[in-house]
Amino acid sequence: MNRIWAIIERDLRRFRRSPTLVIVSMVMPLVQLVVLGYAFGGKVKHLEIGVLDQDRGVPAIKLREMAQAVAVNAKTFDTTYYNDQSVALRDLRRGTISGLLSIPPNFSRKVLAGDNPRVALIEDNTDQFAVSALEGSIDQMLVAYNQPPVPMRLSADATLSVVEVYPYVPYIQYLLPGTIVLAIFVSAMIGGGIIFIDDKARGLHEGYLVTPIRKIELIVGFNLAGAAKAVLTGLVLVVFGSMIAGIPDPLNLARMARMMVLVVVTALALISMMFLLMVRVTDPLVPRAIFGVLNTVLFFPSGAVYPTQAFPAWMKVITAVDPFTYAVHGFKQLTLKNTGLDVITFDLVYLITFTIIAMAAATFLFRRTL
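Just so you know, these numbers come straight off a predicted model, no measurement behind them.

The rules behind the values
- Counting from 1, residues in each chain are numbered in the order their sequence is written.
- Per-residue local features are limited, in this predicted model, to residues with pLDDT of at least 70; the limit for side-chain atom pairs, both in listing and counting, is 80 or more; totals at the level of whole chains, interfaces and linings are taken over all residues.
- Side-chain numbers come from the whole structure's heavy atoms, not from hydrogens or water.
- What makes a nonpolar core is a set of buried Ala, Val, Leu, Ile, Met, Phe, Trp, Tyr and Cys residues whose side-chain atoms join them at distances within 4.5 Å.
- Buried, partly exposed and exposed residues are distinguished by accessible area as a fraction of the type maximum, computed with a 1.4 Å probe on protein chains only: under 20%, between the cut-offs, and over 50%, respectively.
- Strands here mean DSSP runs of E at least two residues long; helices mean DSSP runs of H or I at least four residues long; both are numbered from the N terminus.
- When checking whether two residues touch, look at their non-hydrogen atoms; a contact exists if any pair is within 4.5 Å.
- A helix is expected to reach a length of 1.5 Å times the quantity of its residues less one.
- Put simply, a salt bridge is a Lys or Arg side-chain nitrogen that is within 4 Å of an Asp or Glu carboxyl oxygen.

Draft legend 1. Geometry of the nonpolar core. Of all hydrophobic cores here, the largest spans 50 residues; its most connected members are I180, F185, L270 and M274. Counting residues per element, the ones that place at least two in this core are helix 2 (19-40), helix 7 (171-202), helix 9 (215-245), helix 10 (253-278), helix 11 (285-299), helix 13 (323-336) and helix 14 (345-365). Beyond its immediate sequence surroundings of up to four residues, I180 is in contact with L237, V238, M259 and F331. Of all hydrophobic cores here, the second largest spans 16 residues; its members include L63, M66, V70 and L101.

What follows is the structure in structure tokens.
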């Protein structure tokens with residue numbers, strides 16, 4: 001045990017003497033959480049749409065007033081009125097407006113006659129997010145427009161009542177579990193990959209090879225040292241990330257204790273994986289070169305930014321074996337739902353099993369000679 005502790009102590013001393021490394025490991029994931037959380041998570045607002053009224057009857061005026069009400073209240077879009085269709089279409093192609101709500105000349109007559117009145121939404125479909133928001137807002141507006149002035153007391157129409165079990169989850173909170181795992185991965189990449197290879201390149205690794213330390217002790221020492229740094233990073237993200245994302249009661253001690261259990265297990269799994277990948281590597285450029293590839297292959301298929309149910313079959317294969325998947329799922333349960341460890345038992349078992357297999361494989365592949 002003393003040999004293992006000596007390895008851990010040396011690695012942690014070097015980590016403490018590198019403030020830049022500490023900042024990169026802890027602060028950058030927080031910056032990413034804020035930037036990505038607000039860049040992708042907000043509701044689309046203030047889209048510019050044109051309104052072309054070619055009818056000017058009372059029903060058409062009512063529709064225009066409802067569009068203006070949406071612009072003032074929901075603010076999904078802002079309205080610009082046109083009298084010339086060619087000018088409106090020119091602005092649409094130039095990108096001045098995102099869509100054009102066109103009311104045809106016979107709209108009021110068809111409304112009063114009950115003859116299937118229609119309006120047209122001509123849209124710039126190069127931005128699907130904006131298009132979806134615009135279509136949804138116009139659809140809701142037309143539903144309200146079509147309501148009878150005096151609603152019937154009883155109706156045979158089936159309706160949907162939505163009951164939400166949990167409070168509204170903004171995207172920055174949805175992104176937090178993946179950010180915690182990504183921060184741990186960055187520390188694992190540095191502690192279990194780059195530093196280990198740098199030791200080899202500088203000849204420091206030879207000091208270990210000439211000692212009577214067994215291979216398993218070296219592997220355990222390296223992994224525990226890297227996991228300690230990753231756990232520290234995970235703790236920072238758990239505390240400050242929860243506060244930044246607006247998680248209710250972010251300093252709840254019971255929940256933080258449960259999350260720290262998952263942080264430790266995740267750190268061990270990821271550091272073991274990185275050590276396994278780097279155990280036979282000698283070129284210091286290799287871990288830096290594959291960092292982006294690993295980040296893409298492991299992070300995005302995990303469900304951190306988008307539900308895994310939407311993935312194609314080949315990507316679901318990656319999802320099934322990716323340790324990120326189980327770590328992200330576990331953090332979502334603990335962070336967003338405040339559940340107990342019993343709910344994430346399978347996630348913990350998978351990560352622990354993954355750690356054992358990775359460490360055993362790394363021990364088998366580790367060579368005492370350079």
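Having seen the model, we can carry on.
Draft legend 2. Structural context of helix 14. Over its 21 residues, helix 14 extends 30 Å from the first C-alpha to the last, a length consistent with the 30 Å expected when each residue adds 1.5 Å. If you check which residues of helix 14 are buried, you get D347, L348, Y350, L351, F354, T355, A358, M359, A362 and T363.

Draft legend 3. Structural view of the pattern of salt bridges. Enumeration over the complete set of coordinates arrives at two salt bridges. Two residues, D53 and R64, come together in a salt bridge whose shortest N-O distance is 2.9 Å. With D53 in strand 1 (residues 47-53) and R64 in helix 3 (residues 58-72), the pair connects residues that are 11 residues apart, well separated along the chain. Overall, D53 belongs to the buried group, its relative accessible area being 7%. You can call R64 partly exposed: its relative accessible area is 24%. Taking the shortest distance from any N to any O, the salt bridge between R90 and D91 comes out at 3.6 Å.

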